[in-house]
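# Structural overview for review
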Amino acid sequence: MKSLTNREEEIMNHYWDKGAMHIRELQALYDDPKPHVNTLSTLVHILEDKGFLSHKVITAKCYKYFPVLTRDDYRRGTLGNVVDKFFNKSYLGVVSALVKDEKISVDDLRELIKKVEEGR
């Protein structure tokens, strides 16, 4: 899965929150000073090229853009990329690093294992 820049992720969050929108509707979601329509249009087209957005033709010069991937799909893909790139495709390596760096306690890990076992 391709990654998103901070600005692209910001735009995708608007689409994930609001659904299909015209570029002007997207622009209206920003505080002043609002980004220029051309800037947003360029970024939306980049997101479309990356496969995150698609569009529906309303009129000859009017398009409504909508997300192709869900936010959860993006999260899972991004997590998978991190695991592949930095942990040699090992989720166990991720969990070990979190425990070692004290980002998750052993007690939390036991609780997680218990929840997974109960879910089976």
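Now for a look at the structure at hand. Quick caveat, the model's predicted, so the values are computed rather than measured. (Residues numbered from 1 in each chain as written. Predicted model: local features only at pLDDT ≥ 70, side-chain atom pairs only at ≥ 80, totals over all residues. Heavy atoms only, no water.)

Helix and strand counts for the protein chain come out as 6 helices and 2 strands. Computed over its C-alpha atoms, the radius of gyration of the protein chain comes to 19 Å, more than 25% above the 14 Å expected for a compact globule of 120 residues. If you line up the protein chain on its principal axes, its C-alpha atoms span 55 × 30 × 25 Å. In the protein chain, the share of contacts with a sequence separation of at least 24, taken over all contacts with a separation of at least 6, comes to 44%. (Helix = DSSP H or I, 4+ residues; strand = E, 2+ residues; numbered from the N terminus. Rg over C-alpha atoms; globule rule 2.2 N^0.38 Å. Contact = heavy atoms within 4.5 Å.)

Right, let's get into the environment of Glu25. In this structure, Glu25 sits in helix H2 (residues 23-28). Of the residues examined, Glu25 reaches a relative accessible area of 36% and is grouped as partly exposed. Linking Glu25 and Leu40, residues 15 residues apart in sequence, is a C-alpha distance of 11 Å. A polar side-chain atom of Glu25 sits 2.6 Å from the main-chain amide nitrogen of His22. (Buried < 20%, exposed > 50% of the residue type's maximum accessible area, 1.4 Å probe, protein only. Polar contact = N/O pair within 3.5 Å; in protein donor to acceptor, adjacent residues only side chain to side chain.)

Before going further, it helps to spend a moment on the pattern of salt bridges. Summed over all chains, the structure comprises 7 salt bridges. Glu8 serves as the salt-bridge partner of Lys50, at 2.7 Å between the closest nitrogen and oxygen. Here Lys50, found in the loop between helix H3 (37-49) and strand S1 (53-59), pairs with Glu8, found in helix H1 (residues 6-18); they are 42 residues apart in sequence, far enough to count as distant. Given the relative accessible area of 4%, Glu8 is considered buried. (Salt bridge = Lys/Arg side-chain N within 4 Å of Asp/Glu carboxyl O.)

Let us look at the packing of aromatic side chains. The description of two aromatic rings rests on the distance between their centres and on the angle between their planes. For the structure shown, the criterion picks out 3 aromatic pairs. On the numbers, 6.3 Å between centres and 65° between planes, the contact of Tyr63 with Tyr65 is edge-to-face. Aromatic ring contacts, followed pair by pair, group Trp16, Phe52 and Tyr74 into a single cluster. (Phe/Tyr/Trp six-rings, centres within 6.5 Å; stacked < 30°, edge-to-face > 60°.)

Along its 16 residues, helix H4 (residues 71-86) runs 22 Å from first to last C-alpha, staying within 8% of the 22 Å computed at 1.5 Å per residue. Elements in contact with the buried residues of H4: H1 and helix H5 (91-100). A positive phi of about 50° marks Asn88, the residue just after H4. (Expected span 1.5 Å × (residues − 1).)

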